[in-house]
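Results of the structural survey
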Amino acid sequence: EISFGECLAVHTKNLADGPTHFRATPLPPKPHHSTGLLPRRLLIEAAWHHKKPYRPGKTMRDRWALTTAAAAARGDAGNRRLHHRWSVFEAHKKRHTVANTAIARELAGWCWSLAVMDD
């Protein structure tokens, strides 16, 4: 069973690997992490990655090989859906920050669905 935190960790692993097209805000002081600000920030940062066209690369295909076929298919479908939602928001001329927040909410639901999915 995949936990919500593990889903976020896998999805946001590449955030620390190199520069991104946006500037991250500093983390809040540690006492505030208990209020859910860190998971919220992870979701917001991860949601930006669904803006660009979705093309699974070698790393993603290698990760799919390590999991069940159902989880890999669900992950691929979720990534496609989240990118499609970005496209719809851009077509409707939504502000990027508003669209990103909506994508982050859908990403939270998607991570939860992966965590509770039957094997």
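Computed from a predicted structure; not experimentally measured. Sequence order sets the numbering: in each chain, residues are counted from 1 along the sequence as written. Reporting of local features is limited, given that this is a predicted model, to residues whose pLDDT is at least 70; pairs of side-chain atoms are given and counted only at 80 or more, and all residues count toward the totals for whole chains, interfaces and linings. Side-chain measures were taken over the full set of non-hydrogen atoms in the model, leaving aside hydrogen atoms and water.

1. Description of helix α5 (residues 96–115)
The terminal C-alpha atoms of α5 lie 28 Å apart, and with 20 residues this matches the ideal 28 Å at 1.5 Å per residue to within 8%. Only protein chains enter the calculation, and the probe is 1.4 Å; a residue is then buried if its accessible area is under 20% of its type maximum, exposed if over 50%, and partly exposed in between. Only DSSP runs of H or I covering at least 4 residues are called helices, and only runs of E covering at least 2 are called strands; the numbering of each starts at the N terminus. Considered for burial, the residues of α5 that qualify are A99, N100, I103, A104, L107, W110, C111, S113, L114 and A115. In this analysis, the expected span of each helix is defined as 1.5 Å times one less than the number of residues it contains.

2. Remarks on the confidence of the model for the chain
The predicted model of the chain averages 76 in pLDDT, with 68% of residues at 70 or higher. Scored below 50 in pLDDT, residues 10–16 makes 15 contacts in the model with residues more than four places away or belonging to other chains. Throughout residues 19–25 the model reports pLDDT below 50, and contacts reaching past four residues in sequence, or to other chains, amount to nine contacts. The quantity known as pLDDT measures the predictor's confidence residue by residue, on a range of 0 to 100. The contact criterion used throughout is that any non-hydrogen atoms of two residues lie within 4.5 Å.

3. As for the nonpolar core
L82, W86, I103, L107 and W110 are the most contacted members of the largest nonpolar core, which totals 14 residues. Looking at this core, the elements that each hand over two or more residues are α2 (37–48), α4 (69–91) and α5. Element by element, the count of residues in this core is highest for α5, at seven residues. Residues enter a nonpolar core if they are buried and are Ala, Val, Leu, Ile, Met, Phe, Trp, Tyr or Cys, with the set joined through side-chain atoms within 4.5 Å.

4. A few points about unusual backbone geometry
The phi dihedral of K93 is positive, around 60°, even though this residue is not glycine. Turning to its location among the elements, K93 is positioned in the loop between α4 and α5.

5. Here's the deal with the side chain of D76
Within the secondary structure, D76 is located in helix α4. N or O atoms within 3.5 Å of each other form a polar contact, as long as, within protein, one can give a hydrogen and the other can take it, and as long as residues adjacent in sequence are counted only when both atoms are side-chain atoms. Of the polar contacts made by the side chain of D76, one reaches the side chain of Y54; its length is 2.8 Å. If sequence neighbours within four positions are ignored, D76 has contacts with Y54, P56 and W64.

6. Looking at the pattern of salt bridges
When their charged atoms lie close together, side chains carrying opposite charge are able to pair. The salt bridge criterion pairs a side-chain nitrogen of Lys or Arg with a carboxyl oxygen of Asp or Glu, the two atoms within 4 Å. One pass over the structure, following the stated rule, counts six salt bridges. Between K51 and E90 there is a salt bridge, with the nearest N and O atoms lying 3.9 Å from each other. Of this pair, K51 sits in the loop between α2 and α3 (58–65) while E90 sits in helix α4, and the two are 39 residues apart along the sequence. Assessed through its relative accessible area of 25%, K51 is described here as partly exposed. Given the relative accessible area of 35%, E90 is considered partly exposed. Between R81 and E106 there is a salt bridge, with its nearest N and O atoms 3.3 Å apart. Placement of the pair is R81 in helix α4 and E106 in helix α5, with a sequence separation of 25 residues. Residue classification places E106 among the partly exposed positions, given a relative accessible area of 22%. One salt-bridge network, held together by shared partners, links R81, R85 and E106.

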